[in-house]
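Observations on the three-dimensional arrangement
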Amino acid sequence: MLEIGYQIDLDGDDLRDLAAFALSAEAQEGFSLDDVPEPMQRLFLDQPYMIDDLEDFYDRYQGKE
């Protein structure tokens, strides 16, 4: 489940609100980390994340080493 995520149930109003936010630079400028619930703030990355050697990473993950 962690690899593929989970289902988020949205209704029409939720989708409308998300689309309006995505299209509004003004709304996005007013949005900050303080607007995110504290438990979710811990999930944010504060630095770019990149795996240098992806093939090696998958080999180790799948126990091929």
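Anything mentioned here points back to the structure above.
Residues numbered from 1 in each chain as written. Predicted model: local features only at pLDDT ≥ 70, side-chain atom pairs only at ≥ 80, totals over all residues. Heavy atoms only, no water.

**Focus on the overall build of the protein chain**
Of the regular secondary structure elements, the protein chain holds 4 helices and 0 strands. Ordered by position from N to C terminus, the α and β elements of the protein chain give α-α-α-α. The burial tally for the protein chain puts 2% of its 65 residues in the buried class. As presented, the protein chain carries roughly 6700 Å² of accessible surface, and 55% of it is formed by carbon and sulfur atoms. (Helix = DSSP H or I, 4+ residues; strand = E, 2+ residues; numbered from the N terminus. Buried < 20%, exposed > 50% of the residue type's maximum accessible area, 1.4 Å probe, protein only. Areas by Shrake-Rupley, 256 points an atom, 1.4 Å probe, with all protein chains shown as cover.)

**What about the pattern of salt bridges?**
The tally for this structure, following the rule as stated, stands at 2 salt bridges. The salt bridge involving Arg16 is made with Asp13; its shortest N-O contact spans 3.1 Å. A residue pair is termed a helical-turn pair when its members lie 3 or 4 positions apart in one helix, as Arg16 and Asp13 do in helix α1 (residues 12–23) at 3 residues. For Arg16, the salt bridge identified is with Asp17, shortest N-O distance 3.0 Å. One continuous salt-bridge network, built from bridges that share partners, spans Asp13, Arg16 and Asp17. (Salt bridge = Lys/Arg side-chain N within 4 Å of Asp/Glu carboxyl O.)

**So, the packing of aromatic side chains**
Summed over all chains, the structure comprises 1 aromatic pair. An angle of 70 degrees between the planes, with centres 5.5 Å apart, marks the rings of Phe21 and Phe31 as edge-to-face. Of this pair, Phe21 sits in helix α1 while Phe31 sits in the loop between α2 (25–29) and α3 (38–41), placing them 10 residues apart in sequence. Judged by relative accessible area, which is 42%, Phe31 ranks as partly exposed. (Phe/Tyr/Trp six-rings, centres within 6.5 Å; stacked < 30°, edge-to-face > 60°.)

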